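In case you want the letters, here they are:
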Amino acid sequence: MSARGQGRWLGRKFFARPVLKVAPELIGKYLVHSTAAGAASGRIVEVEAYDGPEDQASHARFGPTPRAKIMFGPAGIAYVYLIYGMYDCFNVVTGREGEASAVLVRAVASVSLPTGPTGSAGRTDGPGKLCRALGITRAHNGVDLTLGVPLGIEDRGEPAPKLSATPRIGVDYAGEWAARPWRFIETPARDAASAPSAPRRRKS
DNA sequence: CCAAGGATTGGC
DNA sequence: CCAATCCTTGGA
């Protein structure tokens, strides 16, 4: 459907802005993975921003290493890496070329799979499960998301959701950077059960 | 070359 | 609370 590409897929201009502006705007957009079998998609509901080599939580903190150099490149490119030897995590590069910033997509909802009913009834829990659910792997590292295939991010014209910002997950080692509220989630309708769960981080 | 640790998840 | 599991990085 490249013929109807006008504004359907988020383009270079959207991604080529400061990551702290792009990240919250990705909430409510749709991550779509198209294959021969059909399209797998999910509504983005949780993201994290990683901004520059000085961000001690970012993979770019060691400079443009073989793995992280893609973060220094042009915006709109997928950065998919393997974590803990078993899970793939999906990111999109943002900002100007030469800067090192990216958005980690941590969760999607309303998952739709080509094989039929999702069964998931909705939401993935984390970046690893998200990639597994949508079939995203390291093979997608470096693909241009603005083309829409095989991977793209779609604006379906939904109104901007209400957002909350919290510190990022699993970056305790990052010192003062760990405290920055650079994780964005759609504000839960009710927080009765979910709010108290956050503090539990390993290592007391 | 080698040792250490990780943008996580699921099991005990 | 902690093991799984392997790639990336930094240091010797």
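Look up: the structure comes first, before these words.
First, a word on scope: everything that follows refers to the structure included in this document.

Definitions and cut-offs
- Residues numbered from 1 in each chain as written.
- Chains lettered and ligands numbered in written order.
- Predicted model: local features only at pLDDT ≥ 70, side-chain atom pairs only at ≥ 80, totals over all residues.
- Heavy atoms only, no water.
- Helix = DSSP H or I, 4+ residues; strand = E, 2+ residues; numbered from the N terminus.
- Buried < 20%, exposed > 50% of the residue type's maximum accessible area, 1.4 Å probe, protein only.
- Near = heavy atom within 4 Å.
- Polar contact = N/O pair within 3.5 Å; in protein donor to acceptor, adjacent residues only side chain to side chain.
- Nonpolar A, V, L, I, M, F, W, Y, C, P; charged D, E, K, R; others polar.
- Patch = residues over 30% accessible without salt bridge, like charges linked within 9 Å, V, L, I, M, F, W, Y side chains within 5 Å.
- Areas by Shrake-Rupley, 256 points an atom, 1.4 Å probe, with all protein chains shown as cover.
- Salt bridge = Lys/Arg side-chain N within 4 Å of Asp/Glu carboxyl O.
- Arc of directions from axis to C-beta.
- Contact = heavy atoms within 4.5 Å.
- Phe/Tyr/Trp six-rings, centres within 6.5 Å; stacked < 30°, edge-to-face > 60°.
- Lys NZ or Arg CZ within 6 Å of the ring centre and 35° of its normal.

**Quick look at the side chain of histidine 140**
For histidine 140, the position within the fold is in the loop between helix H3 (127-134) and strand E6 (151-154). Among the residues examined, histidine 140 registers a relative accessible area of 10% and is labelled buried.

**Points about the protein's contact with DNA strand C**
All residues adjacent to DNA strand C are Phe62, Thr65, Pro66, Arg67, Ala68, Leu82, Tyr84, Gly85, Met86 and Arg138. What you see for DNA strand C is that sugar and phosphate hold 76% of its atoms within 4 Å of the protein. For DNA strand C, a sugar or linking oxygen lies 3.4 Å from a polar atom in the side chain of arginine 67. Residue tyrosine 84 places a main-chain N or O atom 2.4 Å away from a base oxygen belonging to DNA strand C. Considering only residue class, the surface near DNA strand C consists of six nonpolar, two polar and two charged.

**Side note on a nonpolar patch on the surface**
Together, Tyr84, Met86 and Tyr87 give the surface a local cluster of nonpolar side chains, amounting to about 390 Å² of exposed area. Here methionine 86 lies in the loop between strand E3 (78-83) and strand E4 (87-94). For methionine 86, a relative accessible area of 58% gives the class exposed.

**Things to note about H3**
Given 3.6 residues per helical turn, the α-helix brings residues three or four places apart onto the same face. Of all the residues in H3, the buried ones are Pro127, Gly128, Leu130, Cys131 and Leu134. The buried residues of H3 occupy an angular sector of 165° when projected down its axis, which confines them to one face. The elements touched by buried residues of H3 are strand E1 (30-35), strand E2 (38-51), E4 and strand E5 (101-112).

**A look at the packing of aromatic side chains**
Counting across every chain of the model gives three aromatic pairs. Centroid distance tyrosine 79 to tyrosine 81: 5.4 Å. Interplanar angle 35°. Geometry classified as tilted. When the ring centre of tyrosine 50 is taken as reference, the NZ or CZ atom of arginine 168 above it lies at 4.7 Å. Between arginine 180 and the ring centre of tryptophan 177, over which it is positioned, the NZ or CZ distance is 4.1 Å.

**Some points on helix H2 (residues 19-26)**
Of all the residues in H2, the buried ones are Val19, Val22, Ala23, Pro24 and Leu26. One or two positions beyond H2, positive phi appears at glycine 28, with a value near 95°.

Remember that the coordinates give geometry; whether it matters functionally is a separate question.
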